[in-house]
Amino acid sequence: MKIDHSLPLEYSTEENRLKILGFWIFLGAEIMLFATLFASYFTLGDRTASGPTGAEIFEITPVLIETILLLTSSFTVGLGIHAMRIGRQKAMMTFFSITLLLGLGFLGFEIFEFATYVHEGAGLQTSAFTSILLTTLGTHGAHVTLGLFWGLFIILQVKKHGLTSKTTNKAFIFSLYWHFLDVVWIFIFSFIYLKGMM
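Everything quoted here is computed from the prediction, not taken from an experiment. Every residue gets a number counted from 1 within its own chain, in the order that chain's sequence is written. Two thresholds apply to this predicted model, a pLDDT of at least 70 for residue-level local features and 80 or more for giving and counting side-chain atom pairs, whereas whole-chain, interface and lining totals are computed over all residues. Remark: hydrogens and water are excluded; side-chain values derive from all non-hydrogen atoms of the structure.

*Asks:* For this particular structure, what's the right way to read the overall build of the chain?
*Replies:* Helix and strand labels come from DSSP, where a helix needs a run of H or I of at least four residues and a strand needs a run of E of at least two; each type is numbered from the N terminus. Broken down by element type, the chain carries 6 helices and 0 strands. Each helix and strand of the chain, placed in order from N terminus to C terminus, yields the pattern α-α-α-α-α-α. When each of the 198 residues of the chain is scored for burial, the buried share is 44%. Residue pairs in contact within the chain that sit at least 24 positions apart in sequence constitute 80% of those at least 6 positions apart. Approximately 10,200 Å² of the chain is accessible, and the part contributed by carbon and sulfur atoms is 70%. With 12 positive and 13 negative side-chain charges, the chain shows a spacing of 18 Å between the two charge centroids. Only protein chains enter the calculation, and the probe is 1.4 Å; a residue is then buried if its accessible area is under 20% of its type maximum, exposed if over 50%, and partly exposed in between. In what follows, a contact means two residues having at least one pair of non-hydrogen atoms within 4.5 Å. Each accessible area value is a Shrake-Rupley result obtained with a 1.4 Å probe; residue values ignore everything except the protein chains displayed when judging cover. When charges are tallied, Lys and Arg are placed among the positive residues and Asp and Glu among the negative ones, while His and the ends of the chain are skipped. We put the charge of a Lys on NZ, of an Arg on CZ, of an Asp on CG and of a Glu on CD.

Shown next as structure tokens:
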């Protein structure tokens, strides 16, 4: 396995570059998944039947807290990748750990929000609106949950093996995934919550 020392470690082998390219292709499929959910939401968003509307159940405070937590976690994962590139293993692991803690906080708020919606009569079977709302939020939440486990495994691998071409490649790919979740959330925040509150 030939390592090109002129490139960052995560790009330093042909295999690593192909894995990153493959992951970008995978993200294309993920974009299609969320695009389908958003299209369904825009189609069904005003079909509330006898259930509550977005304006009745959405509250700005928890949504803002979720947004701040996720945006901050995107920043800290970026700091982790920067630390990784300059060979600071402990700093990288610390920033990745902070990222996961912020992600866990986000998930906690989202679960609380789900429970509140259901308590207020906005369950999966209440209306087309609540069904697509909970499906879209749940899909994003499931992706965040997967990301938390994935990030934890990367921290453990870096702790065990150090910053190698393999571990840095895995960490970089994880960071792309985490940034993607952040971008999806910005769309959810803008087109579901803010639009729904108007």
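*Asks:* Please explain the packing of helix α4 (residues 89-119) against helix α6 (residues 165-197) as it appears in this structure.
*Replies:* Helix packing for two helices is described by the angle between their axes and how far apart those axes are. For helices, the fitted line uses only the C-alpha atoms of the stretch in contact; every axis is such a line through C-alpha atoms, and the angle between N-to-C directions lies from 0 to 180 degrees. Across the interface, α4 lies against α6 with an axial gap of 13 Å and an inter-helix angle of 30°. Taken as a pair, α4 and α6 cross one another with a handedness that is left-handed. For the pair α4 and α6, contact is made by Met92, Phe96, Thr99, Leu100, Gly103, Phe106, Glu110, Glu113 and Tyr117 and by Ala171, Phe174, Trp178, Trp185 and Tyr193, respectively. Polarity classes work like this: nonpolar for Ala, Val, Leu, Ile, Met, Phe, Trp, Tyr, Cys and Pro, charged for Asp, Glu, Lys and Arg, and polar for all others, with Gly in that last group. The residue inventory of the contact of α4 with α6, partitioned by class, reads 10 nonpolar, 2 polar and 2 charged. For any pair of crossing helices, the crossing counts as left-handed if the nearer helix is rotated counterclockwise from the farther one by less than a right angle, and right-handed if it is rotated clockwise.

*Asks:* I tried to follow unusual backbone geometry on my own but got confused; where do I start?
*Replies:* Most of the time, phi is negative for any residue but glycine, and the peptide bond is trans. Positioned with a positive phi, Ala49 is a non-glycine residue whose angle comes to about 50°. Its place among the elements puts Ala49 in the loop between α1 (14-44) and α2 (54-57). Classification of Ala49 as exposed rests on a relative accessible area of 66%.

*Asks:* I would appreciate a short explanation of the environment of Thr168 in the present structure.
*Replies:* Within the secondary structure, Thr168 sits in helix α6. What makes Thr168 buried here is its relative accessible area of 1%. For the pair Thr168 and Gly51, spaced 117 residues apart in sequence, the C-alpha separation works out to 48 Å.

*Asks:* What exactly am I supposed to notice about the environment of Ser12 here?
*Replies:* The topology assignment puts Ser12 in the segment before α1. Taking relative accessible area as the criterion, Ser12 reaches 1% and is therefore assigned buried. Residues Ser12 and Ile31, 19 residues apart in the sequence, show an inter-C-alpha distance of 27 Å.

*Asks:* For this particular structure, what's the right way to read the nonpolar core?
*Replies:* Buried residues of nine kinds, namely Ala, Val, Leu, Ile, Met, Phe, Trp, Tyr and Cys, make up a nonpolar core once their side-chain atoms join them within 4.5 Å. In terms of nonpolar packing, the biggest core is built from 50 residues, with Phe58, Phe96, Tyr117, Leu133 and Trp185 touching the most fellow members. Looking at this core, the elements with two or more residues in it are α1, α3 (60-85), α4, α5 (128-161) and α6. When residues no more than four places from it in sequence are discounted, the contact partners of Trp185 are Val63, Glu66, Thr67, Leu70, Phe106, Glu110, Leu137, His140 and Tyr193.

*Asks:* Looking at this structure, I do not really get α1. What am I missing?
*Replies:* Residues three or four positions apart in an α-helix share a direction because the helix packs 3.6 residues into each turn. Its 31 residues place the ends of α1 45 Å apart at the C-alpha level, agreeing with the 45 Å of an ideal helix rising 1.5 Å per residue. The elements touched by buried residues of α1 are α5 and α6. In this analysis, the expected span of each helix is defined as 1.5 Å times one less than the number of residues it contains.

*Asks:* What's the story with the pattern of salt bridges in this structure? I'm lost.
*Replies:* Note on pairing: side chains with opposite charge can pair once their charged atoms come close. We define a salt bridge as a contact between a side-chain nitrogen of Lys or Arg and a carboxyl oxygen of Asp or Glu at a distance within 4 Å. Enumeration according to the criterion identifies 2 salt bridges in this entry. The salt bridge partner of Glu15 is Lys19, with a shortest N-O separation of 2.9 Å. Here the residue Glu15 and the residue Lys19 both occupy positions in helix α1, the gap between them amounting to 4 residues, near one helical turn. Relative accessible area serves as the criterion here: at 38%, Glu15 is assigned to the partly exposed category.

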